[in-house]
There are 2 protein chains.
Amino acid sequence: MFTPLRSFIDVAPDSHFPLENLPYGVFRPAQGNARVGVAIGALVLDLSVLEEQGTFRTPELSKSAVFAQDSLNSFLSLGRPAWRRAREIIQHLLAAETPELRDNAGLRDHAFHQQRDVTMHLPAHIGDYTDFYSSYHHAHNVGTMLRGPENALMPNWKWLPVGYHGRSSSLVVSGTDVRRPYGQTKPPDADAPIFGPSRSFDYELEMAFLIGPGNGLGEPVPIERADEHIFGMVLMNDWSARDVQAWEYQPLGPFLAKNFCTSISPWVVTLDALAPFRKPLPPQEPEPLPYLRAPNDSTFDIQLEAQLQTATMVAPHVITRTNFQNLYWSIAQQLAHHTVGGCNLQPGDLLASGTISGPSEESRGCMLELTWRGANPLTLPNGETRKWLEDGDALTIRGWAEGDGYRVGFGEVSGRVLPAITR
Amino acid sequence: MFTPLRSFIDVAPDSHFPLENLPYGVFRPAQGNARVGVAIGALVLDLSVLEEQGTFRTPELSKSAVFAQDSLNSFLSLGRPAWRRAREIIQHLLAAETPELRDNAGLRDHAFHQQRDVTMHLPAHIGDYTDFYSSYHHAHNVGTMLRGPENALMPNWKWLPVGYHGRSSSLVVSGTDVRRPYGQTKPPDADAPIFGPSRSFDYELEMAFLIGPGNGLGEPVPIERADEHIFGMVLMNDWSARDVQAWEYQPLGPFLAKNFCTSISPWVVTLDALAPFRKPLPPQEPEPLPYLRAPNDSTFDIQLEAQLQTATMVAPHVITRTNFQNLYWSIAQQLAHHTVGGCNLQPGDLLASGTISGPSEESRGCMLELTWRGANPLTLPNGETRKWLEDGDALTIRGWAEGDGYRVGFGEVSGRVLPAITR
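Keep in mind that what you see is a predicted model, and the values were worked out from it rather than measured.

Here's the deal with the overall build of chain A
Then, in step 1: Along chain A, the regular secondary structure elements total 10 helices and 26 strands.
Then, in step 2: In terms of C-alpha radius of gyration, chain A reaches 22 Å, essentially the compact-globule figure of 22 Å for 423 residues.
Then, in step 3: In terms of overall dimensions, chain A has C-alpha extents of about 70 × 50 × 45 Å along its principal axes.
Then, in step 4: Buried residues in chain A amount to 63% of all 423 residues.
Then, in step 5: Taking contacts inside chain A between residues at least 6 apart in sequence as the whole, the part at least 24 apart equals 72%.
Then, in step 6: Summing over all exposed atoms, chain A offers an accessible surface of approximately 15,700 Å²; the carbon and sulfur share of this is 48%.

Looking at the relation of the copies chain B and chain A
Then, in step 1: With an axial shift of 0.0 Å and an RMSD of 0.0 Å, the rotation relating chain B to chain A amounts to 180°. What the superposition gives is, in effect, a two-fold axis relating one chain to the other. Closest to the rotation axis within chain B is the C-alpha of B:Gly253, separated from it by 2.3 Å.
Then, in step 2: Taken together, the interface assignments show that 98% of the residues at the interface of chain B recur at the interface of chain A, consistent with an identical surface on both copies.

Some points on the domain arrangement of chain A
Accessible area lost upon the coming together of the parts serves often as the stated size of an interface.
Residue and element names in this part refer to chain A.
Then, in step 1: Splitting chain A by domain gives domain 1 (24-121) and domain 2 (129-418).
Then, in step 2: Computed from C-alpha atoms alone, the centre-to-centre distance between domain 1 and domain 2 is 30 Å.
Then, in step 3: Approximately 1,500 Å² of surface area, both sides summed, lies buried where domain 1 meets domain 2, with 66% of it carried by carbon and sulfur atoms.
Then, in step 4: At the junction of domain 1 and domain 2, the tally comes to two salt bridges.
Then, in step 5: A salt bridge links Arg80 to Asp272; the shortest N-O distance between them is 3.7 Å.
Then, in step 6: If you look at where domain 1 meets domain 2, you find five residue pairs in polar contact (both at pLDDT 80 or more).
Then, in step 7: Of all the secondary structure elements, the ones that give two or more residues to the side of domain 1 that touches domain 2 are strand 1 (24-28), strand 2 (35-40), helix 2 (73-78), helix 3 (80-94) and strand 5 (119-121).

A look at the interface of chain B and chain A
Then, in step 1: Counting residues at the interface gives 58 residues for chain B and 57 residues for chain A.
Then, in step 2: Both faces considered, chain B and chain A share a buried interface measuring about 5,400 Å² in area, 64% of it formed by carbon and sulfur atoms.
Then, in step 3: The tally of links between chain B and chain A comes to four salt bridges.
Then, in step 4: Across the pair A:Asp128 and B:Arg167 runs a salt bridge, and its minimum N-O distance is 3.5 Å.
Then, in step 5: Counting the contacts that link chain B with chain A gives 24 residue pairs in polar contact (both at pLDDT 80 or more).
Then, in step 6: Counting residues per element, the ones that place at least two in the side of chain B that touches chain A are strand 6 (129-132), strand 7 (163-165), strand 10 (182-185), strand 11 (194-197), helix 7 (242-248) and helix 9 (331-339) of chain B.
Then, in step 7: In terms of residue count, the dominant contributor to the side of chain B that touches chain A is strand 7 of chain B (three residues).

Looking at the sheet that holds strand 9 (residues 178-179) of chain A
Residue and element names in this part refer to chain A.
Then, in step 1: The five strands lie next to each other as 9-26-25-20-21, forming an open sheet whose pairing is mixed. Unpaired on one side and paired on the other, strand 9 and strand 21 (317-323) mark the two borders of the sheet.
Then, in step 2: Bridging between strand 20 (residues 303-309) and strand 21 involves six bridges; their strand directions are antiparallel. Following the sheet pairing, Glu305 is matched in strand 21 by Arg321.

Regarding the confidence of the model for chain A
Then, in step 1: For chain A, the average pLDDT comes to 96, and 99% of its residues sit at 70 or higher.
Then, in step 2: With a pTM of 0.97, the predicted complex shows an ipTM of 0.97.

Here's the deal with the pattern of salt bridges
Where charged atoms from two side chains of opposite charge come close, those side chains can pair.
Then, in step 1: Scanning the model with the defined rule gives 48 salt bridges over all chains in all.
Then, in step 2: Residues A:Asp349 and B:Arg167 are paired through a salt bridge, measuring 2.7 Å at the closest nitrogen-oxygen approach. Here A:Asp349 is found in the loop between helix 9 (331-339) and strand 22 (350-352), whereas its partner B:Arg167 is found in the loop between strand 7 and strand 8 (171-173) on a different chain.
Then, in step 3: Classification of B:Arg167 as buried rests on a relative accessible area of 2%.
Then, in step 4: Of the charged contacts, one joins B:Glu412 and B:Arg398 as a salt bridge, the two residues approaching to 3.7 Å between their closest N and O atoms. Of this pair, B:Glu412 sits in strand 26 (residues 407-418) while B:Arg398 sits in strand 25 (residues 394-402), and the two are 14 residues apart along the sequence.
Then, in step 5: The exposure class assigned to B:Glu412 is partly exposed, which follows from its relative accessible area of 32%.
Then, in step 6: On the basis of relative accessible area, B:Arg398 is assigned to the partly exposed category, the value being 23%.

A short note on the packing of aromatic side chains
Residues and elements named next belong to chain A.
Then, in step 1: In total, this model carries 38 aromatic pairs over all chains according to the counting rule given.
Then, in step 2: Ring centres of Phe201 and Trp239 lie 5.8 Å apart, and the angle between their planes is 45°; this geometry places the pair in the tilted category. Of this pair, Phe201 sits in strand 12 (residues 201-202) while Trp239 sits in the loop between strand 14 (230-237) and strand 15 (240-241), and the two are 38 residues apart along the sequence.
Then, in step 3: Given the relative accessible area of 0%, Phe201 is considered buried.
Then, in step 4: One aromatic cluster is present, formed by Tyr24, Phe56, Phe67, Phe75, Trp83 and Phe231 through successive ring pairs.

Conventions adopted
- Residues numbered from 1 in each chain as written.
- Chains lettered and ligands numbered in written order.
- Predicted model: local features only at pLDDT ≥ 70, side-chain atom pairs only at ≥ 80, totals over all residues.
- Heavy atoms only, no water.
- Helix = DSSP H or I, 4+ residues; strand = E, 2+ residues; numbered from the N terminus.
- Rg over C-alpha atoms; globule rule 2.2 N^0.38 Å.
- Buried < 20%, exposed > 50% of the residue type's maximum accessible area, 1.4 Å probe, protein only.
- Contact = heavy atoms within 4.5 Å.
- Areas by Shrake-Rupley, 256 points an atom, 1.4 Å probe, with all protein chains shown as cover.
- Least-squares fit on C-alpha atoms with pLDDT ≥ 70 in both.
- Domains from an automatic or database assignment.
- Buried area = accessible area lost by both parts, 1.4 Å probe.
- Salt bridge = Lys/Arg side-chain N within 4 Å of Asp/Glu carboxyl O.
- Polar contact = N/O pair within 3.5 Å; in protein donor to acceptor, adjacent residues only side chain to side chain.
- Pairing = 2+ DSSP bridges.
- pLDDT = per-residue confidence, 0-100.
- Phe/Tyr/Trp six-rings, centres within 6.5 Å; stacked < 30°, edge-to-face > 60°.

What follows is the structure, encoded as structure tokens:
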């Protein structure tokens, strides 16, 4: 039977960050600059400290100081052999039976911080951010609302992973509050649009993956090699102004409805940590074109939930329970499609799933679907109701893969809705 | 009467780069790193040389070395007072009557290069790139082809500058050849899409502006202050695979049809150089909402043309003649709209116009419109015909504002179509 790994650092049984995980993030300690660390239990291990004292002097990693930087980009560009070597070294160093760090009180003091004492940053400088639309149930629900059930899915949907370019500059890290945007909206019975704060403020429960080594312009990545370019994954909340979106999105797609803020979780869980949780892809019918087929393509069993806590609630309430396996298209298919025309990906680029809704009502990943565009408001445990998010509401997305006696978790991405600015 | 300024550098009467212009670019000389220069006649003036010897030690500019860098971003972030001061200093230094540089042969040798001897780079690190759809005639022509003349324009088109996020990583500088992309397309009579090289390869004649100082997340830029954030403009060719676009674009907009390559011209013409060419905006009916109205909003009289030269032609042939004034929405309106929901712009961001078509057939800015989706092929002077661009075709976009005895020009953006890779 599989036995959870043991570290000399205490890790609670329900912690997202056991020795099996070791997600990477960028943090700033109370004193000093931002640098790269891994999460272990309730602590952060400062990799720049280990790097400085020579822990990573191996052929794969010794090129330069990749951890004494305020982004993961240099480390991302090294590729999987380097990532695997770093993981082995860190896992060994943190293991219960390894004395090197365990018995060096001075080094431990220097290398560990409590997570609650540090400030998390975006994990990478994200040059380009792409958002896919890969949940069948989400696309079908939204399409049904807009065009009726017969025309819910566009004819292309089952042939290619539909996606679009998002806004990189407004990506923020978990904990950043999000301001209700202004925009143009058009009430159905009005002759002209009106301008004001969005009245249909929504979240979207998503996951996203970070690109490691890129590909050259004009050089597609074959699907069999997609994994070589994928470092790891984060949780994402793609905040959305639905009333703005409905008026603006034709014919070129969402723009202001999405570009005011997109939040991601700070800890990047590597594909190596997620390997035990790979599952077969759900059936795809019609069979995808050859450039989207790989013999062992897979998805991941990652449990996901969204919690809402209004200003008057004493505890958060789960409003979405879903799973990464609800996605129709795999991340390898998304990456192969993204590059098939020659588009170049670069280290740190972020590719997101789109809202991850499943077949059940409880698995719907946004208010638009949960309340069916406001027609069926949610009732919360304290009696409040919600068609959309209101000012003061806090929305938190959590996710984890459940191992045998341990969890490989993503932590959370959270944000609170601030009222629109006064104009 | 207005008299053209005179420089001690020879400037041909039809040069795009007289003393009135002074566009900024990033170049690499035969020996050395990339740095910032301005174009004057057929020469480049190396601003990093002048900076090093103290030419720019003024309160507005002296903060750090902004010209000894491989992008304009630091200079862009300084804002208009610094840009104006730099322009004054350079214009004075290059004037016929100023001896300082004119009579210093050693400094001249060091500071000037022939443009033909240097390699031009992208002018800025472009974090985010946005493409608008601001030509009424382009939107109307395309909409007519897709949906018929009654439904040509979406209901939102005259209320807001429709736009979408483009791909930053695949922006390239003029002179970069562009490879025909592969993609999914669906013939109208087929049951399923097919995969192969695009057979409807197109150019789009556009212009784009570069952002100077940005705005904070959640802090809209009022339209009256839009110009403070705009440094200058370039020519752009938004290469497009029309067959890929037709199949993929619903409902989230163009993706692979555009993200394989977008070309811009290397010299950024400042708003200060363009000031004499401001013209009133064309009438806008219905009247835009207040956040899109400014008392003296304006456009620019910039003549634009696209030239095609096939592999067998001995000279290029003009296939589009248009003008920046054909755009419905102003750059100030575009910027105000982009930020009104709180989206943050950053120095070096690029905002493009969309295809600039006018009312006449000759003013159509892409093959899609010129040949009406291939129905009316172009006949070229050597008897060749074109529905779309073919491998080996070179497409060059040129633009200039015509002054009294001088031109403030943009130079050109050019690229040649390479055959699809062998798979």
